[in-house]
Amino acid sequence: MLEVPAKGPTFHPLSPIRKIKNKLATVLFASAFAVATVPLVWVLFTVVERGVKAVVGQGWWTRSLAGVLPDQFAGGVYHAIYGTVLQAGIAALLSVPLGIMAAIYLVEYGRGTFAKVTTFMVDILAGVPSIVAALFIFALWISTLGFPQSAFAVSLALVLLMLPVVVRNTEEMLKLVPDELREASYALGIPKWKTILRVVVPTALPGIISGLLLALARVMGETAPVLVLVGYARSINYDAFNGNMASLPLLIYTELTNPEAAGRARVWGAALTLIVIVGALYVAAAFLNRYLTRHRT
Amino acid sequence: MTIKPDSSVVGSPAPVGPPRSGHTSIMVSTVVPRSGFKGGGRWGDRIFGSVALAAGATIIGAIALMALFLIIQAVPSLQANKANFITSTEFNTTDAGNLRFGIAELFQVTILSSLFALAIAVPIAIGIAAFLTNYAPRRLARPFGVLVDMLAAVPSIVFGLWGIFVLAPRLEPVAAFLNAHLGWLFLFGKGNVSLSGGGTIFTAGVVLAVMILPIITSVTREVFSLTPRGQVEAAQALGATKWEVVRMTVFPYGRSGMIAGSMLGLGRALGETVAVLIILRSAAQAGHWSVFDGGYTFASKIASAAAEFSSKLPTGAYIAAGLVLFLLTFVVNALARLAAGGRVSGG
């Protein structure tokens, strides 16, 4: 018997059950992706549909709500746009140098335990809820140091939220700079600090800025800090250190309590305005990224 | 003054020593210049290195200060508290002389809404990650990924508006159906707020699931894409179908990423403030772990009272709640890091 090799067909066709499982998995994975796009499209559609009327209205971008009655379809949100941009801008001014230096430390200098602890803390800071960051600034800046509620206090809380994003992104970008560049610079006798400032950072700059824009976009929509740290104002306030100041999220939250149709229109209008600003920052970041990839290869 | 050898200079030479351990060593410079070639460079290096170190230290300092100040502000109120902080469901801070507050109810609503969101988001996120890394045409995988990431760009207050005004009415029949047919299970039992209007944990959980989807997806996707090519090809050579390849190589390899991503998502859900605040309706009685309950999470409770943070003792009660939330997210994020065996990116 053993002289005759027991030889079946070389390839068996797939059993039906395996075929079905395979098809089912494909369908499930593809539909998971399809499901995820539904809320995105739905949210954007809703905001545009309900907000566009307010946004194209007269004075939306150029007037505040000073003297506008709750049921009046009038006024605009430039005071809130100013607040949103100012608060995020101050936060960027504070967190950018700090974040970039921390990333330089981690990539170019960091060795040993202290660097490991720093990396860990960056991750922890990235996970701190915005309301906790706001409470901390309240406890430190307002309750302990006695400063009044102000836009600046909001900026301080936003710094805490921006910092980990800036550090991580800058780290990634610095790591992408080829070592050959550093070595070439060292070979010319350039000290390390000058190499970092004049060679490494400029090379990574488009990526760093692109990440910055994304961080900025993210903190602009933060609502928790403005609820805790500053009061709402219906008119423009240019002073970051004193007085109430509106911002788009705060305006939305405040107008939610306005039962009139005009209030609802302002809510959706402000939501659309916020999305337009955030979207603009994303587009700018994408352009920078494209510039970056084109110039690297 | 004698100039000490190089090792005293911050971050200087460590000459061509062994590269840093682990995967982080890629692209990290190991060749370091002998600074001070012409003088001046050494001082510059010392100053610049110190500034960089100080920036790193600031981040550690920020976390330490955060814990410290929250504790300092919370302790007096905790001492004045007339109810049990852990087990009481009350949260009454109107009378500073008779503070009665506990976190039992906040804890319950926070955990239930976050876990519910996680239960919805994790399977979908894993599906998307598998689709983007193994199924989608290579040319489309990137734009598809961007589409998912765009969900993270939508401000949370906008999600809140959409959730309560647009989604909640659509979910109402679903909620009624689940309540009627699965009501025997405590999760879908009768809640402490009315189903109509949709101001329930059910609605909040669905919205939270949408909000945490991008982060879980991005972490999972990253790990999935790192599956060793050899393992995939080995499975293919054995005649595995695509699904079998994914099940036998990608999933086992990416398990740590799935766990880390889920933990990060959980951390986000626990701390989400304004969307939950807008959606959840406050309830008169305590809930019984039903997704049709209303109430407050830690974050939404704090935000709802933010306008009245004037006198110290009542404010301290909310800061105490914030401290618990801080600890909770700290633990969850540390676990995420642990699961990933180091760095977790994808913020």
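Residues numbered from 1 in each chain as written. Chains lettered and ligands numbered in written order. Predicted model: local features only at pLDDT ≥ 70, side-chain atom pairs only at ≥ 80, totals over all residues.

### What about the overall build of chain B?
So, step 1. Across its full length, chain B holds ten helices and two strands.
So, step 2. Secondary structure of chain B in N-to-C order comes out as α-β-β-α-α-α-α-α-α-α-α-α.
So, step 3. A buried classification covers 48% of the 347 residues belonging to chain B. (Helix = DSSP H or I, 4+ residues; strand = E, 2+ residues; numbered from the N terminus. Buried ≥ 20, exposed ≤ 12 C-beta atoms within 10 Å, placed from the backbone.)

### So, the overall build of chain A
So, step 1. In terms of regular secondary structure, chain A is built from ten helices and zero strands.
So, step 2. Of the regular secondary structure in chain A, the N- to C-terminal order runs α-α-α-α-α-α-α-α-α-α.
So, step 3. Expected size for 297 residues packed as a compact globule is a radius of gyration near 19 Å; at 26 Å, chain A overshoots this value by more than 25%.
So, step 4. Contacts in chain A between residues far apart in sequence, at least 24 positions, make up 76% of those at least 6 positions apart. (Rg over C-alpha atoms; globule rule 2.2 N^0.38 Å. Contact = placed C-beta atoms within 7 Å.)

### Notes on the nonpolar core
So, step 1. Grouped together as the largest cluster of nonpolar side chains are 198 residues, with contacts concentrated most on L125(A), L135(A), I137(A), A157(A), M162(A), A271(A) and V158(B).
So, step 2. Those residues within four positions of V158(B) in sequence are excluded, and the remaining contacts are V43(A), V47(A), A271(A), L274(A) and I275(A). (Core = buried A, V, L, I, M, F, W, Y, C linked by C-beta atoms within 7 Å.)

### Focus: the packing of helix α4 (residues 130-144) of chain A against helix α10 (residues 312-340) of chain B
So, step 1. In the contact formed by α4(A) and α10(B), the axes pass within 10 Å of each other and the chain directions differ by 135°. Between α4(A) and α10(B), the crossing angle belongs to the class labelled oblique. Here α4(A) and α10(B) pass one another in a crossing that is left-handed. In this structure, α4(A) contributes I131(A), V132(A), L135(A) and A139(A) to the contact, and α10(B) contributes I319(B), G322(B), L325(B) and F326(B).
So, step 2. A breakdown of the residues in the contact of α4(A) with α10(B) according to their chemical character gives seven nonpolar, one polar and no charged. (Axes fitted to C-alpha atoms, helices over the stretch in contact; angles between N-to-C directions. Parallel < 35°, antiparallel > 145°, perpendicular 65-115°, else oblique. Left-handed = near helix turned anticlockwise from the far one by under 90°. Nonpolar A, V, L, I, M, F, W, Y, C, P; charged D, E, K, R; others polar.)

### Re the interface of chain B and chain A
So, step 1. Counting residues at the interface gives 82 residues for chain B and 85 residues for chain A.
So, step 2. For the side of chain B that touches chain A, the element with the highest residue contribution is helix α1 (residues 41-80) of chain B, accounting for 20 residues.
So, step 3. The residue makeup of the side of chain B that touches chain A, split by class, is 57 nonpolar, 21 polar and four charged.

### A short note on the confidence of the model for chain B
Residues and elements named next belong to chain B.
So, step 1. Across chain B, the average pLDDT comes to 85, with 86% of residues at 70 or higher.
So, step 2. A low-confidence stretch, residues 1-29 (pLDDT under 50), is modelled with 34 contacts involving residues beyond four sequence positions or located in other chains.
So, step 3. Both confidence scores are given for the complex: pTM 0.89, ipTM 0.91. (pLDDT = per-residue confidence, 0-100.)

### Re helix α7 (residues 192-220) of chain A
So, step 1. Look at α7(A): only 36 Å from first C-alpha to last across 29 residues, short of the 42 Å you get at 1.5 Å a residue.
So, step 2. L205(A) marks where α7(A) bends most, by close to 55°; the proline P206(A) follows one to four residues later. (Expected span 1.5 Å × (residues − 1). Bend = angle between axes of the 7 residues up to and from the residue.)

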